[in-house]
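The lines below spell out each chain.
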Amino acid sequence: MRLLIDLDNTLVDRDAAFRAWVRSTVRGSGGDDDDGIAALLAADDHGYGDRAEVVRALRDATGLTDEDAILRDRVMTEHVELIRCYPGVVEALRRLREGGVHIAVVSNGTGRQQRAKIARAGLTGLLDGIVLSEEVGVAKPDPRIFAAACAGTEDGEQIWMIGDNPRADVLGARDAGLPAIWVSHGRGWPSDHGARPTTVESTTAALELIAAQFTS
Ligand SMILES: [Mg+2]
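Residues numbered from 1 in each chain as written. Predicted model: local features only at pLDDT ≥ 70, side-chain atom pairs only at ≥ 80, totals over all residues. Heavy atoms only, no water.

**Here's the deal with the domain arrangement of the protein**
Split by domain assignment, the protein resolves into domain 1 (2–13 + 84–215) and domain 2 (14–82). Computed over C-alpha atoms only, the centres of domain 1 and domain 2 are separated by 27 Å. Note on domain 1 versus domain 2: buried area summed over both sides is about 1100 Å², and carbon and sulfur give 43% of it. By the criterion of area lost to domain 2, the three top residues of domain 1 are Asp 13, Gln 113 and Arg 120, representing 40% of everything that side buries. Linking domain 1 with domain 2 are two salt bridges, by the criterion used here. The partner of Arg 112 in a salt bridge is Asp 73, with the nearest N and O atoms 3.4 Å apart. Per-element tally for the side of domain 1 that touches domain 2: the top contributor is helix α6 (residues 111–120), with five residues. Along the lines of polarity and charge, the residues of the side of domain 1 that touches domain 2 split into three nonpolar, three polar and six charged. (Domains from an automatic or database assignment. Buried area = accessible area lost by both parts, 1.4 Å probe. Salt bridge = Lys/Arg side-chain N within 4 Å of Asp/Glu carboxyl O. Helix = DSSP H or I, 4+ residues; strand = E, 2+ residues; numbered from the N terminus. Nonpolar A, V, L, I, M, F, W, Y, C, P; charged D, E, K, R; others polar.)

Written out as structure tokens, the structure is:
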């Protein structure tokens, strides 16, 4: 069995890391501006927002006057130090891997940033593959990135995708002909995204479903 799994807000709590960095950066600049923090988080849009807008919001919230390129680099890199896996994820991955499941991360982002997150979260030795949009040249939901992650699978081998993003992870996998488990984090399935996939609230619950599939 091969498991394809998203990184940000699936394996690692990227939003918690970014939120913590935003708070400490705004307060460290002398600001105590909850509106500025809220505007920054809104501009970030869980990592999907335009980075230029995030830099603008960072300036507004902190009064920082560095060049755009420097602030953009801070936005991209500093929260990576705070990246952690969700509780129980490392142990669950280890058990699956010991049971013979091939595990590959499929993530949109740059090699530098995503590989730093993987290392920081302690995932390096737990993955058989790392498939990143910058390195493959196509991003989720493009089915070609899923095809790249499926390279080398044997005939009849089961393949599953787990992710938190309805469009990138679930519809992308669906278009590539793969079954997906959606990690909802308590959200509702968007009504304009077709049939609701297998849904769980947490990544550890998704990994338990995979373990049950694998051993059944
Ligand atoms: Mg994600």
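Let's pick the thread back up.
**Quick word on the coordination of the magnesium ion**
With distances of 2.1 to 2.2 Å, the protein atoms coordinating the magnesium ion are Asp 6 (OD), Asp 8 (O) and Asp 164 (OD). If you list the donors of the magnesium ion from N- to C-terminus, the spacing comes out as D-x1-D-x155-D. In terms of burial, Asp 6 and Asp 8 fall into one category: buried. (Donors = N, O, S within 2.8 Å, 3.2 Å for Na, K, Ca; no water. Buried < 20%, exposed > 50% of the residue type's maximum accessible area, 1.4 Å probe, protein only.)

**A closer look at the pairing of strand β3 (residues 129–132)**
Of the strand pairs in this sheet, strand β2 (residues 102–107) and β3 are connected by four bridges, and their pairing is parallel. Counted as the bridge partner of Ser 107 is Leu 132 from β3. Considered for its hand, the β-α-β crossover made up of β2, α6 and β3 is right-handed. (Pairing = 2+ DSSP bridges. Right-handed = clockwise from strand over helix to strand, strands pointing away.)

**Here's the deal with the nonpolar core**
Core analysis: the biggest nonpolar cluster contains 31 residues, and Leu 3, Leu 11, Leu 123 and Ile 162 have the highest contact counts within it. Mapped onto this core, the elements with two or more residues apiece are β1 (2–5), α5 (89–98), β2, β4 (159–163), β5 (180–183) and α10 (203–215). Leave out the neighbours within four places in its chain, and Leu 11 touches Ile 5, Asp 6, Cys 85, Tyr 86, Val 89, Leu 93, Val 105 and Leu 123. Ranked by size, the runner-up nonpolar core spans 18 residues in total, among them Leu 4, Cys 150, Val 170 and Leu 171. (Core = buried A, V, L, I, M, F, W, Y, C linked by side-chain atoms within 4.5 Å. Contact = heavy atoms within 4.5 Å.)

**As for the sheet that holds strand β6 (residues 198–200)**
On the basis of which strands lie adjacent, the open sheet formed by six strands has the order β3-β2-β1-β4-β5-β6 and parallel pairing. Of all strands in the sheet, those with a lone pairing partner are β3 and β6, marking the two edges. On average, each strand axis in the sheet is inclined to that of its neighbour by 20 degrees, with strand direction left out of account. Bridge count for β1 against β2 is four bridges, and the pairing is parallel. If you follow Ile 5 over to β2, its bridge partner there is Val 105. Lying on the sheet, α6 is in contact with β2 and β3; it crosses β3 at an angle near 145 degrees. (Axes fitted to C-alpha atoms, helices over the stretch in contact; angles between N-to-C directions.)

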